[in-house]
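Structural overview for review
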Amino acid sequence: MTPYYQDDAVTIFHGDCREILPTLTFDAVVTDPPYGIGYQQMLDSAPKWEVVPGDESDALARWVIEAVHPTPMLVFGINHFPAALPEPGRWICWDKRLGEAADRMLGAPFELAWMNGLDKAGFMYRILHGGVVNADGAQHKRVHPTQKPVVLFRRLLADHFPTGVILDPFMGSGTTLRAAKDLRRTAIGIELEERYCEVAATRLGQEVLAL
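To start, this report covers the structure provided alongside it. (Residues numbered from 1 in each chain as written. Predicted model: local features only at pLDDT ≥ 70, side-chain atom pairs only at ≥ 80, totals over all residues. Heavy atoms only, no water.)

Re the overall build of the chain
When helices and strands are tallied, the chain shows five helices and nine strands. For the chain, the N- to C-terminal ordering of α and β elements is β-β-α-β-α-β-β-β-β-α-β-α-β-α. Counting every position in the chain, which comprises 211 residues, the buried fraction comes to 48%. A total of about 10,800 Å² of accessible surface is found on the chain, and carbon and sulfur atoms cover 54% of it. (Helix = DSSP H or I, 4+ residues; strand = E, 2+ residues; numbered from the N terminus. Buried < 20%, exposed > 50% of the residue type's maximum accessible area, 1.4 Å probe, protein only. Areas by Shrake-Rupley, 256 points an atom, 1.4 Å probe, with all protein chains shown as cover.)

Below you can see the structure in the form of structure tokens.
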């Protein structure tokens, strides 16, 4: 299959991950799949996002867990369908508020991700993000309805997947790949919607961030 975008660090494929993922070689999966919450924007003044494909059920998220396990993976949102867990694994809590003063910010105050592997103590990441506060900086505009900050994914990759090729089968705007490239890592992304492939390609075409 011909990549939609490719450079020395990252590769993007446009299409259905259920068809593309079995053809790829990778060492770990880090992803934020649609998981059946029927995402909707919370303010009329917010950007008008379209429905996330596949978010009407948790079928895609369940599929990727079954397809990838026991390969190392980190998956956001699996707390919405814990029966799909193949093992206890480890939990990651992203605290998006940090304190009571920020609790009035719009959006969920925290998010959970799950990692397979040995049942160990979980991990906490405290990164302020939400409402008008963008952890990546005010100059970075949100281009996807469930977009997460690059700074969070750089820490997740550095702490838990320090080597090997990273795959994000639900790439969205390319945050996982951007974080990997900043860390001078190799990564692959798959995205069903071409408009987000274009967005991700633009983000990835920029120079590597000096860390």
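Resuming the write-up.
Observations concerning the pairing of strand β4 (residues 73-76)
Every second residue of β4 is oriented toward a common face, with M73 and V75 on one face and L74 and F76 on the other, all of them buried. Relative to β4, strand β3 (residues 28-31) runs parallel, the two being bridged by three bridges. Pairing of V29 across the sheet is with M73, part of β4. Summarising the sheet, β4 and strand β6 (residues 110-115) pair through three bridges and their orientation is antiparallel. When the sheet's bridge partners are listed, F76 is paired in β6 with A113. (Pairing = 2+ DSSP bridges.)

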